[in-house]
Each structure stands twice: as structure tokens, then as C-alpha cells.
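Topology and contacts: notes
These are the residues of each chain, in order.
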Amino acid sequence: MEIIVCIKQVPDTEELHKVKINSETRTLIREGIKNIINPFDENAIEEALRLREKIGGRVTVISMGPPQAETSLRKALAMGVDRAILLSDKSFAGSDTLATSYTLAMAIKKLGKFDLILSGKQAIDGDTAQVGPGLAEWLNLPQITYARKIEVNEKKIRAERTLEDSFELVESPLPALITVTKEINEPRYPSLKGVLRARKEKIIIWTAKDLKINEKRTGLEGSATRVIKVFTPPSPSGGEIISGETSKVAENLIKKLEEHRII
Ligand SMILES: Cc1cc2nc3c(=O)[nH]c(=O)nc-3n(C[C@H](O)[C@H](O)[C@H](O)COP(=O)(O)OP(=O)(O)OC[C@H]3O[C@@H](n4cnc5c(N)ncnc54)[C@H](O)[C@@H]3O)c2cc1C
């Protein structure tokens, strides 16, 4: 089975407060910040490795990002994936989700035949959850999002898809794209043997030229959305804290909501 996993390098959650915005391009300044593999993508890598252990095959990870994204690909190699590809080119900078999913689709087309694409449900920085579904559209693939459990047999995949407070069972022919939640598994820690192997492993780097990409469809030029302003919303002022015994507080709250004609 040929399994492809899309991983994004994101600022470490501990360091999000250090993240600055480039006032010209209005994109995140990622240099000088500790970066990690997007946590949901570690679940996607883990699920791919478990499938390979169960039914055999090869696991390839792909990431679009600046050269420093290599560290995240090396961690994926240390976890046990077979191959790592970095899509890196100045022309990719500032890509929104449309441009990002297009660029990833061109790389996957270059890879040729595959059976399954796994991605995280969303990235903890952009938080749009759009790249997975966008990628499935560019590749004209069936997609199942928010999967908390998957089962694969010959030419079909069955998934438990998380809903607000329940789940649905969805089945799809392969090839398909699945986005996973953190409930799906507990990612493994890289073994020492894995870390040593990852140090030596060659990471394949593809530029826009290698992908025969239409440069009008990637980077800022290929992005339908523009971040026009980035600001921290003002914290709400005023308000009143109602304290006391619970039922009294509830009573009090209802009275105030009625007074203000909210209910
Ligand atoms: C604060 C902020 C707000 C933004 N708002 C928007 C917006 O509203 N609309 C918009 O179009 N763009 C937006 N962007 C840009 C957007 O972050 C990038 O386009 C990004 O590459 C993909 O979107 P995402 O981070 O939301 O990823 P999501 O769509 O949440 O990521 C889902 C999954 O797709 C895969 N994936 C995502 N990016 C990559 C990558 N570079 N390489 C490999 N796999 C990847 C991963 O598996 C990930 O788990 C925003 C960026 C920031 C920092």
C-alpha cells in the first residue's frame, strides 16, 4: 500500500507568544522560533505506520515549507516513515490554503500511483482545516474528514467520522484522502535506532521547477485570500461576576438576563 502523509511544520505551542507577523507580507515570521510537527499530523504519521505494519507498503511524508521544515521531516523519518519530501521554493511563500493544497497536489501527481493520503484535521497555526479537503478536490478524490478510527481492506476504507457529539460510519473506495483527529491513536516516540537512521537519510527537495507548477497558482499570487490585517481582538471590558451558592447564582443570572431582555 502506498500511503502519503501531509505534515505541516508549525510554531511550538510553548512559543506561540513569540510569533510575529511580517508587516509587509502579513505572513508569520517563523525564523528563530522552535518549530514542531503539527500535532494532528503526528497522529496521521502514526496511523500510516500502523497500517504499514498491518498490511505492508510504503509511507511517504510531504511538507511544503521553508528549508527549516527539514527538521520536522527528519522527526517523521525517525518515527519510521520510508521517504520524506520537502516542497520548498521562494515562490511558495505566503500561500493560502488554496495555493498550499494546489502545490501539494502537484507533488503527489509527480509521485504517481498511491492508495491513501492522510493529513491532520487542522494545523494549530492557520487552523482552517481546509488543506485536506482542498487537496482531495485538486486530486478528484473521495474524502473523509475528522476520522477517529479507520479500517482498510483491499480496495475500501471504513472510518468513524467524528461529529459534534456522536460519530458516523463512512465507507469509501480507495484511493481516498482522510483527515484524522487526535483520538485516532497515540503517536510513538522515535526510537534511538530511528533517530540515527533519520540523521543519515536523504530528504528529497522539490522546487517549483521540479513540480512543473503554474506559478500563478502558488504563493501570494496563487492565493485567493489575503490576510489584510492581523490584530489581537480587544479583550471584552465591563461584565459582572456573579458568585455564591450555585442555585442562587443561577437564579440571579436568569433575573439579570430577563432585566436586560436577553431572555
Ligand atoms: C493566523 C493565520 C490565519 C490564516 N488564515 C487563513 C485563512 O483564513 N485562509 C487561508 O486560505 N489561509 C489562511 N492562512 C494561511 C494558511 O495557514 C496557509 O495556507 C497554510 O499553509 C495552510 O492552512 P492551515 O494552516 O489552516 O492548515 P489546515 O488546512 O488547518 O491544515 C490541515 C492539514 O493539511 C496539511 N497541511 C497544511 N499545510 C501544509 C503544508 N504547508 N505542508 C504539508 N501539509 C500541510 C496538514 O496535514 C494539516 O494537518 C492563515 C495563516 C495564519 C498563520
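Anything mentioned here points back to the structure above.
The rules we used
Residues numbered from 1 in each chain as written. Predicted model: local features only at pLDDT ≥ 70, side-chain atom pairs only at ≥ 80, totals over all residues. Heavy atoms only, no water. Pairing = 2+ DSSP bridges. Helix = DSSP H or I, 4+ residues; strand = E, 2+ residues; numbered from the N terminus. Axes fitted to C-alpha atoms, helices over the stretch in contact; angles between N-to-C directions. 1 Å grid on protein atoms, 1.4 Å probe; cavity = no way out; pocket = protein on both sides within 12 Å on 5 of 7 lines; lining within 4 Å. Points joined across faces, edges and corners; volume = space filled by probe spheres on them. Nonpolar A, V, L, I, M, F, W, Y, C, P; charged D, E, K, R; others polar. Phe/Tyr/Trp six-rings, centres within 6.5 Å; stacked < 30°, edge-to-face > 60°. Buried < 20%, exposed > 50% of the residue type's maximum accessible area, 1.4 Å probe, protein only. Expected span 1.5 Å × (residues − 1). Contact = heavy atoms within 4.5 Å. Polar contact = N/O pair within 3.5 Å; in protein donor to acceptor, adjacent residues only side chain to side chain.

1. What about the sheet that holds strand E10 (residues 156-162)?
Across the sheet, which stays open at both edges, the 9 strands sit in the order E11-E10-E9-E12-E8-E1-E6-E7-E13 with mixed pairing between neighbours. Looking at which strands have only one partner, the edges of the open sheet turn out to be strand E11 (167-173) and strand E13 (204-206). Each strand of the sheet is rotated relative to its neighbour by a mean of 30 degrees, with strand direction disregarded. Looking at chain direction, strand E8 (residues 116-120) and strand E12 (residues 176-180) are connected through 5 bridges and run parallel.

2. Observations concerning the layout of surface pockets
Taken as a whole, the second largest pocket spans an internal volume of roughly 210 Å³. The wall of the second largest pocket is formed by Pro39, Phe40, Glu42, Asn43, Lys75, Lys182, Asn185, Glu186, Pro187, Arg188 and Tyr189. Counting residues per element, the lining of the second largest pocket draws most heavily on helix H1 (residues 39-55), at 4 residues. In terms of residue class, the lining of the second largest pocket is built from 4 nonpolar, 2 polar and 5 charged.

3. Let's talk about the packing of aromatic side chains
Enumeration over the complete set of coordinates arrives at 1 aromatic pair. Summarising the aromatic geometry, the rings of tyrosine 102 and tryptophan 138 are spaced 5.0 Å apart at their centres and angled 65 degrees between planes, so their arrangement reads as edge-to-face. Of the two residues, tyrosine 102 is situated in helix H3 (residues 97-111) and tryptophan 138 in helix H4 (residues 131-138); the sequence distance between them amounts to 36 residues. Given the relative accessible area of 6%, tyrosine 102 is considered buried.

4. Thoughts on helix H6 (residues 246-259)
Counted at 1.5 Å a residue, the expected span for H6 with its 14 residues is 20 Å, and the 20 Å between its end C-alpha atoms agrees. A positive phi of about 50 degrees marks arginine 261, the residue just after H6.

5. Side note on the environment of aspartate 115
Positionally, aspartate 115 belongs in the loop between H3 and E8. Judged by relative accessible area, which is 11%, aspartate 115 ranks as buried. Along the primary structure aspartate 115 and alanine 176 are separated by 61 residues, whereas in three dimensions their C-alpha atoms are 6.9 Å apart. Aside from chain neighbours lying at most four places away, what touches aspartate 115 is Met1, Glu2, Lys155, Leu174, Pro175 and Ala176. Within the structure, the side chain of aspartate 115 is placed 2.7 Å from the backbone nitrogen of glutamate 2, a separation counted as a polar contact. Looking at aspartate 115, its side chain comes within polar contact range of the side chain of lysine 113, at 3.3 Å.

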